[in-house]
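Tertiary structure, described
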Amino acid sequence: MSLFRKFSVQSNILFLNGFVPLVALSLDLYNGQLGANPPEAIIRTTGVLSIIFLVLTLFVTPLVRGLKLNWALPHRRNLGLWSFYYACIHLIAYIAFDKSGKLDDVIADIVKRPFILVGFMGFLLMIPLAATSNTFSLKKLGIKKWNLLHKATYLISIAAAIHFTMIVKSDYFYPTLFSVAIAILMLWRVRFQIAKRRNLHLKH
Ligand code: HEM
């Protein structure tokens, strides 16, 4: 892989887009600018960042297949990883601040509060995807198995949308926005598969 390809302008822009919110959040925390409840601000911000990167990950396939913007494909992996990194910070912040690091309390919360259970299931599903996001795993599993495994992204997105909607008590604008975006991106895939099968059928 050439140095140019490795550090392409797009990869650098994506890296900055992933990294800058984390730096901004850390600076705000350091400067005491996270409002009256900094732990809540950290948990909420990282949750929103995770779902934003998740939606961006889902957006890549329609860009490539629908609009033939092939340059977007190599970035899908990093977008998914940024979603995972923010979900990790989200979970760590929740365990550290909300539950004072007590794992017993975390388990009790998972059992007691359905929105925590849904978020946790989404997070668990993210782990095998993040672990197999490298080229080595792709080669080892083979493209068919790898693609099948990575279809879990849809379940993660559904879990994230439900988790977000369950948390909100009055202003449903953002959970609805993300849920609609996720639904449209999934419906697009269903339509694409139907059209693909129909074309194959016509050819034979
Ligand atoms: C690991 C399991 C998870 C736990 C324990 C967890 C826990 C939480 C908690 C405690 C909140 C704050 C609720 C409140 O302020 O009342 C929250 C909010 C949120 N979480 Fe999670 N979460 C998890 C996974 C995820 C995942 C995987 C995503 C996205 C991919 C996500 C996205 C969000 C969003 C968008 C919010 C709402 C932020 C807002 O209120 O503006 N969470 N989560």
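So, about the nonpolar core. With 33 residues, the main nonpolar core has Tyr94, Phe123, Met126 and Ile182 as its most contacted residues. Of all the secondary-structure elements, those providing two or more residues to this core are helix H3 (38-66), helix H4 (76-98), helix H5 (103-112), helix H6 (114-131), helix H9 (152-167) and helix H10 (173-203). Contacts of Met126, omitting those with residues within four sequence positions, involve Ser50, Leu54, Ser83, Phe84, Ala87 and Ile156. With 10 residues, the next largest nonpolar core counts Leu49, Phe53, Leu63 and Trp82 among its residues.

Enumeration according to the criterion identifies 11 aromatic pairs in this entry. With a centroid separation of 6.0 Å and 10° between ring planes, the pair formed by Phe53 and Tyr86 is classed as stacked. Here Phe53, found in helix H3, pairs with Tyr86, found in helix H4; they are 33 residues apart in sequence, far enough to count as distant. Accessibility classification places Phe53 together with Tyr86 in one group, the buried group. Measuring from ring centre to ring centre gives 5.9 Å for Phe164 and Phe178, while their planes differ by 45°; the resulting arrangement is tilted. Here Phe164 is found in helix H9, whereas its partner Phe178 is found in helix H10, with 14 residues between them in sequence. In textbook terms, an aromatic cluster arises when at least three aromatic residues are bridged by ring pairs, as seen for Phe15, Phe19, Phe53, Trp82, Tyr85 and Tyr86.

We now examine the site of the ligand. Around the ligand sit 18 residues, and of these Arg44, Ser50, His90, His163 and Ile167 come closest. One nitrogen or oxygen atom from the side chain of Arg44 is found 2.9 Å from an oxygen atom belonging to the ligand. Between the ligand and His163 there is a distance of 2.9 Å, counted from a nitrogen atom to a side-chain nitrogen or oxygen. The set of elements that each furnish at least two residues to the shell around the ligand consists of H3, H4, H6 and H9. Residue classes in the shell around the ligand are distributed as 11 nonpolar, five polar and two charged.

Because each turn of an α-helix spans 3.6 residues, side chains separated by three or four positions in sequence point in the same direction. Every buried residue belonging to H5 is among Val106, Asp109 and Ile110, and all of these are buried. Around the axis of H5, the buried residues are gathered within 100° of arc, so they sit on the same side. Across from the buried face of H5, at angles greater than 90 degrees, the exposed residues are Asp104, Ile107, Val111 and Lys112. Of the surrounding secondary structure, the elements contacted by the buried residues of H5 are H4 and H6.

Positive charge collects at one region of the surface, where Arg65, Lys151, Lys196 and Arg197 lie side by side. Considering the arrangement of structural elements, one finds Lys151 in the loop between helix H8 (143-150) and H9.

Let us now look at the pattern of salt bridges. Scanning all chains against the criterion turns up three salt bridges. In this structure, Asp109 and Arg113 form a salt bridge, with 2.8 Å as the shortest nitrogen-oxygen distance. Asp109 gets classed as buried once you look at its relative accessible area, which sits at 4%.

Calculation criteria
- By convention here, each chain's residues receive numbers from 1 onward along its written sequence.
- Owing to the predicted nature of the model, reporting of local features is limited to residues with pLDDT of at least 70; listing and counting of side-chain atom pairs is limited to 80 or more, with chain, interface and lining totals taken over all residues.
- The basis for every side-chain value is the complete set of heavy atoms in the structure, and neither hydrogens nor water enter the calculation.
- The criterion is simple. A nonpolar core is a set of buried Ala, Val, Leu, Ile, Met, Phe, Trp, Tyr and Cys residues joined through side-chain atoms within 4.5 Å.
- Only protein chains enter the accessibility calculation, which uses a 1.4 Å probe. A residue is then buried if its area is under 20% of the maximum for its type, exposed if over 50%, and partly exposed in between.
- Numbering of helices and strands runs from the N terminus; a helix is a DSSP stretch of H or I covering at least four residues, while a strand is a stretch of E covering at least two.
- Whether two residues are in contact is decided by their heavy atoms, any of which lying within 4.5 Å being enough.
- Pairing of aromatic rings covers Phe, Tyr and Trp, the last counted by its six-membered ring, and requires centre-to-centre distances within 6.5 Å; plane angles under 30 degrees mean stacked, over 60 mean edge-to-face, and any other angle means tilted.
- Whether a residue is near a molecule or strand depends on its heavy atoms: it is near if one of them lies within 4 Å of it.
- Any pair of nitrogen or oxygen atoms within 3.5 Å is treated as a polar contact; in protein, a donor-acceptor pairing is required on top of that, and neighbouring residues in sequence qualify only through side-chain atoms on both sides.
- Think of it as three bins: nonpolar holds Ala, Val, Leu, Ile, Met, Phe, Trp, Tyr, Cys and Pro, charged holds Asp, Glu, Lys and Arg, and polar takes everything else, Gly as well.
- Comment: arc refers to directions from the helix axis out to C-beta atoms.
- The patches described consist of residues with a relative accessible area above 30% and no salt bridge, like charges being joined within 9 Å and nonpolar side chains (Val, Leu, Ile, Met, Phe, Trp, Tyr) within 5 Å.
- Surface accessibility in these figures is a Shrake-Rupley result with a 1.4 Å probe; residues are shielded only by whichever protein chains are displayed.
- We count a salt bridge whenever a side-chain nitrogen from Lys or Arg sits within 4 Å of a carboxyl oxygen from Asp or Glu.
- His residues and chain termini do not enter the charge count, which takes Lys and Arg as positive and Asp and Glu as negative.
- One atom stands in for each charge, and that atom is NZ of Lys, CZ of Arg, CG of Asp or CD of Glu.

Functional significance is not addressed by these values, which are geometric in nature.
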